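Coordinate inspection notes
Residues per chain, in single letters:
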Amino acid sequence: MAAKKKSKKSASQQLMSVATMGLPAPVQKVATSKWGSKILMLLLPALVASGVLTVSFAGGKPSVSIDQQRAEQVGEELREDAVRAAERLREQDSRSFR
């Protein structure tokens, strides 16, 4: 039986491998997976831009902190946006069937 060929890691997987070096193995495995690395590459900048995640450097070492209040506020805004979008879709569907 032939050995399974290992696929080459993408740039996002390699970046996540370096970024998650100090985290537990299960977290690293998810973060460096094909889909996990792509999702994190999109999600992390959005969380930093929205103020949920804050990255600071002390003595040359990065420190990441989560603003729980901001996370709740952003979550509530996302829920409200989702409800409004669903209502608009229902209105458009009901108009198209008339």
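Placed above this text is the structure.
The sections below set out a description of the structure shown in this document. (Residues numbered from 1 in each chain as written. Predicted model: local features only at pLDDT ≥ 70, side-chain atom pairs only at ≥ 80, totals over all residues. Heavy atoms only, no water.)

1. Side note on a nonpolar patch on the surface
- Residues Val 48, Val 55, Phe 57 and Val 64 make up a contiguous nonpolar surface patch of roughly 390 Å² in combined accessible area.
- Considering the arrangement of structural elements, one finds Val 64 in strand 2 (residues 61-66). (Patch = residues over 30% accessible without salt bridge, like charges linked within 9 Å, V, L, I, M, F, W, Y side chains within 5 Å. Areas by Shrake-Rupley, 256 points an atom, 1.4 Å probe, with all protein chains shown as cover. Salt bridge = Lys/Arg side-chain N within 4 Å of Asp/Glu carboxyl O. Helix = DSSP H or I, 4+ residues; strand = E, 2+ residues; numbered from the N terminus.)

2. Examining the pairing of strand 2
- Of all 6 residues that make up strand 2, 0 are buried, and the element is exposed over most of its length.
- Across 6 bridges, the pairing between strand 1 (residues 53-58) and strand 2 is antiparallel. Within strand 2, the position partnered with Val 55 by the bridge is Val 64.
- Hairpin connection, strand 1 to strand 2: the antiparallel pair is bridged by 2 residues, and Gly 59 has positive phi, about 65°. (Buried < 20%, exposed > 50% of the residue type's maximum accessible area, 1.4 Å probe, protein only. Pairing = 2+ DSSP bridges.)

In short, the description is geometric, and any link to function would need to be established separately.
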